[in-house]
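Understanding the architecture of this molecule
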Amino acid sequence: MLNTFSSKALQGNGILGKKVEFVTGDTQTKSDVARASAQSMIQKDGVIMVNGGSSSGVAIAVQGLCQEAGIIFMAGLTHSNDTTGKDKKANGFRHFFNGYMSGAALGPVLEAEYGSDRNAYHLTADYTWGWTQQESMQASTEAIGWQTAQNVLTPVGAGDFSSYIAPVLNSGADTLILNHYGGDMVNSLTQAVQFGLKDKQVNGKDFKIIVPLYSELMAAGAGSNIEGVFGSMNWNWQLSDAGTAAFVKSFGEKYGFPPSGSAHTCYVQTLLYADACERAGTFNPCGVVEALEGFKFDGMGNGPTEYRAEDHQCFKDVLVMKGKENPANQFDTLEIVEVTPRAQVEYAPDHPMFAGGDLGECNPGA
Amino acid sequence: MDAIFIQILNGLDKGSAYALIALGLTLIFGTLGVVNFAHGALFMIGAFCAVTMQRILGLSSTIIDDTQKDFLGNPLKVEVPYVQSWFGPEMGAAIQDWSVPLSILLVVPVMLFVGYAMERGLIKHFYKRPHADQILVTFGLAIVIGEIIKAFYGANPIQTPMPSAFVGTIDIGPVAYPTWRLVYFLFSMVIIAAVFAFLQFTTFGMVVRAGMADRETVGMLGINIDRRFTIMFGIAAAVAGLAGAMYTPILSPHYNIGMDFLVLSFVVVVVGGMGSLPGAVLAGFLLGILQSFASMNEVKAIIPGIDQIIIYLVAIIILLVRPRGLMGRKGVMEE
């Protein structure tokens, strides 16, 4: 991807002549564990950038820590509006898309597929990501004329969602929106299908299930249950641009399977950080922040992209996906329905769903 | 009315899992006096026996298909499962389809061995130690087992589908209910009945019951009660393993699945009465149903968050009002 990246500052010989070394930690997708792990990396290992995480709770916790410590945080998989909304920080940057963008991309596709007369029931993970994802989906579906039957918060890691799914049967809703991710999504979708929701008819309409945020691992975990189910992604290995092809080739040859969206965003974030250091000519976090703010680039798999200065959120195209009806092999789980253009998913920095936060000042650290 | 009926079914289904785990816990506590915090791990090992069976039946030879390409553009490697080569594509696929029920054949011997090895290798050294020591060592063991499973199978939930014959719903009165959940409930009934019958109608069971009531007197009769209790540990492990294996189509197994059930199952044991087998079963179903009702939107509208605390609220009330639990022996937990 170095060769397809529009910036040519990196020469493939380290960063500013320095060899890159790294340490890793397991966040267990728990905010406290992630924060302790990042704290140890900063204090004991002397890291100057933290990258990764696969939960918005984790991202917000680690981002706050990095801001206090004067470290750059290049977020991994975090999809809550809050990460670059009310909890945004000057030292934190997000390449991944967010809940608002998922809603904005999915809305028109859902209208085209299912019409404008639907009644949606939300099951929502009870934490920052779930809340903002649900708010975004409710806004986008109500904008196309759908009604919201109910929003039920479910505990993270509930395992058995049967008690929450059963009330859907008699709610009068004809659509179930599962604002769940990871293992919860695998379980809730599987159990919803077991309860016969995909075969059900309500008010003369086929019952539909929607999963706003997809990942390859979730798709594999849910198996055939995802067939025909709409969702969205930040990036997918099936895209045909040169950046994607280069990344899929190098990743696939090393690991034997296509890269996930999480792998992609973390790799891109690392490259962007390295590139920013080169362009800034310094590892000083404030120099890096300055180099990243408003930076426009291409060739990383998402088309033309911009790191908006006002909130440190990347703006680019978003993918609307659907569970593949007849998968040809184990990797053929999802299909790209639409590449939604950036203009359709963009919002003002002071949009109400992102209000309440302040980037603050860059912290250069010790 | 339909909503209430379906929540009763949900409760019975959840209660089945709680009851099976609590039954094993109670067997171990009643016979050996050990508070086994690794019991959830036994449930998890059973679940991964189902995953293992799925993988064994999925073992395949690889052929290169030049007419198709993989994601890198290379000729596609097509996996042909051995069972399909040996038994023909249709029969082979049917065998693979039934991997979860077939995993019972793997679960029983594996869990009997695991239970035996656990008791002889570790637990027996803690019989005369305080309950706090037992809890610490078994909890530690559960973490070790979980990490071993994570190292071999990864951290992600693994899809373990039910046989296609049980996919979909079945009409029960006014509602349609997932067929496999009903199968699970019936399966748990059979296991519970088998355990009770074994204890009630066999000489072995009679000796074990006598040992549970008065271990020293039974020992004085020249009966090796320790050996029988070791076997009971193995049986308790097998019950937990069977519960775990058959639960995999409902909840995709992951390395931490046992912990999700462990705390709830201990509450079930306490509510049912420490050492009481019928109490464990009764409390399992009772708490399963209560938890399901507490998850109803109408109930949560009155008391928000009640679905998360109902089981613990009941446990607190029981411990205050009737410390020995619903069916516990007089004196137990009452000193």
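The structure displayed is predicted, hence computed values, not measured ones. (Residues numbered from 1 in each chain as written. Chains lettered and ligands numbered in written order. Predicted model: local features only at pLDDT ≥ 70, side-chain atom pairs only at ≥ 80, totals over all residues.)

1. A look at the sheet that holds strand S9 (residues 208-213) of chain A
Residues and elements named next belong to chain A. Taking strand neighbours across the sheet as the criterion, the seven strands line up as S5-S4-S6-S9-S10-S14-S15 in an open arrangement whose pairing is mixed. Here the strands that pair on one side only, and so sit at the sheet edges, are strand S5 (147-154) and strand S15 (334-340). The mean inter-strand angle of the sheet, taken between neighbouring strand axes irrespective of direction, is 20°. Sheet topology note: the S9/strand S10 (residues 230-233) ladder contains two bridges and is parallel. In the sheet register, Leu-213 faces S10, and the bridge partner there is Ser-232. Contacts between helix H3 (residues 99-114) and the sheet are confined to S9, S10, strand S14 (318-323) and S15, with S10 contributing the most and set at about 150° to the helix. (Pairing = 2+ DSSP bridges. Helix = DSSP H or I, 4+ residues; strand = E, 2+ residues; numbered from the N terminus. Axes fitted to C-alpha atoms, helices over the stretch in contact; angles between N-to-C directions. Contact = placed C-beta atoms within 7 Å.)

2. Section: the interface of chain A and chain B
In this assembly, 30 residues from chain A lie in contact with 29 residues from chain B. When residues of the side of chain A that touches chain B are traced back to their parent elements, those giving at least two are S5, helix H5 (162-169), helix H6 (183-194), helix H7 (216-222) and helix H8 (242-255) of chain A. With six residues, H5 of chain A is the single largest residue contributor to the side of chain A that touches chain B. Of the residues contributing to the side of chain A that touches chain B, the split by class is 14 nonpolar, 13 polar and three charged. (Nonpolar A, V, L, I, M, F, W, Y, C, P; charged D, E, K, R; others polar.)

3. Focus: the sheet that holds strand S13 (residues 314-315) of chain A
Residue and element names in this part refer to chain A. With antiparallel pairing, three strands are arranged side by side in an open sheet as S11-S12-S13. Lying at the two open borders of the sheet, with one neighbouring strand each, are strand S11 (296-297) and S13. Examined bridge by bridge, strand S12 (residues 305-307) and S13 share two bridges and lie antiparallel to one another. Within S13, the residue paired with Glu-306 across the bridge is Phe-315.

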